[in-house]
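Here are the chains, one letter per residue:
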Amino acid sequence: MVNIADNYAQVMRRITLSRHSSKNFDRQLTLLAVSKGQPVQALRVAYDSGARHFGENYLQEALSKIESLTDLPDIRWHFVGPIQSNKTRAIAENFHWVHTVDRLKIASRLNDQRPDTLPPLNVCLQVNIDKEPQKAGVAPEDAEELALEVVKLPRLKLRGLMCIPRNNTDGNPAAPFRAMRLMRDQLRDSHSQLALLDTLSMGMSADLEVAIAEGATIVRVGTDIFGPRVITNPSSG
Ligand SMILES: *Cc1c(COP(=O)(O)O)cnc(C)c1O
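Rules used in this analysis
Residues numbered from 1 in each chain as written. Predicted model: local features only at pLDDT ≥ 70, side-chain atom pairs only at ≥ 80, totals over all residues. Heavy atoms only, no water. Core = buried A, V, L, I, M, F, W, Y, C linked by side-chain atoms within 4.5 Å. Buried < 20%, exposed > 50% of the residue type's maximum accessible area, 1.4 Å probe, protein only. Helix = DSSP H or I, 4+ residues; strand = E, 2+ residues; numbered from the N terminus. Pairing = 2+ DSSP bridges. Right-handed = clockwise from strand over helix to strand, strands pointing away. Near = heavy atom within 4 Å. Polar contact = N/O pair within 3.5 Å; in protein donor to acceptor, adjacent residues only side chain to side chain. Areas by Shrake-Rupley, 256 points an atom, 1.4 Å probe, with all protein chains shown as cover. Nonpolar A, V, L, I, M, F, W, Y, C, P; charged D, E, K, R; others polar.

A.B. asks: Even after reading the chapter, I still don't get the nonpolar core, so can you show me in this structure?
C.D. replies: Soluble globular proteins tend to pack their nonpolar side chains together in the buried interior. Grouped together as the largest cluster of nonpolar side chains are 61 residues, with contacts concentrated most on F54, V98, L110 and I225. Membership of the second largest hydrophobic core comes to seven residues, among which are L32, W97, C124 and M162.

A.B. asks: Help me understand the pairing of strand β4 (residues 97–101) in this model?
C.D. replies: Regular strands show a simple pattern: their side chains alternate between the two faces of the sheet. The element β4 is largely enclosed, with a buried count of five among its five residues. Looking at chain direction, strand β3 (residues 76–79) and β4 are connected through two bridges and run parallel. In the sheet register, H78 faces β4, and the bridge partner there is W97. Once you follow β3 into helix α4 (residues 88–94) and on to β4, the crossover reads as right-handed. Read from β4 through helix α5 (residues 104–113) to strand β5 (residues 121–126), the crossover connection turns out right-handed.

A.B. asks: Hey, could you run me through the site of the ligand in this one?
C.D. replies: Near the ligand you find 13 residues, and of these K36, N57, S205, G222 and T223 are the closest. Taking T223, its side chain carries an N or O atom lying 2.5 Å from an oxygen atom of the ligand. Contact with the protein chains covers 89% of the free accessible surface of the ligand, which is 380 Å². Tallied by class, residues from the shell around the ligand come to six nonpolar, four polar and three charged.

Written as structure tokens, this is what we have:
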């Protein structure tokens, strides 16, 4: 039996411990409960344990959960899956954050489709930090140019960078996270319009401690909170 309340408390303890062993331990640190593949009752248990930020990868699955949980108005919904053009409107209308923007076309559509009645949509640029051919994300050398375009879009609020590093980082798991922090710092220091980039979305169940030590501000944890995923989706989302 998966005990979500115990798991959530355990992950919070890991975060607190890593925060105190890292340099600037007073920074904002958000636990994003990645609830893809989990039934809505599991999200309610996590909410009752303290979770307020939920991450979803698959639009249809996410929309039905958002609809079912409208009685919990302080939930913040984060889209963390791949984005096809035909999904941008529903994402712009229903989410507070998008972590997986990796091209200007998608950013422009989200900007155009964000309702005026809502605050600007928080976005992170997904960076393909290990340059894996099969993986989504802007190439590290193209991130600056993309950031300078996205920050101009008035209905988006560019918050920072996100990555999913390679699984086995031969001997140095900290390297991709450190590269992300240096990239974020360089963007902030080189361009006044990027001075407000405050977010590094990095670290998952297996490596959240390493990511926090390198400056993560949002860690995205699925399995270690909810256990194995139970709803199956088409892998393309
Ligand atoms: C599924 C997923 C996670 C959570 O992964 P776990 O290994 O279950 O913690 C985090 N980030 C993204 C982008 C994901 O798709």
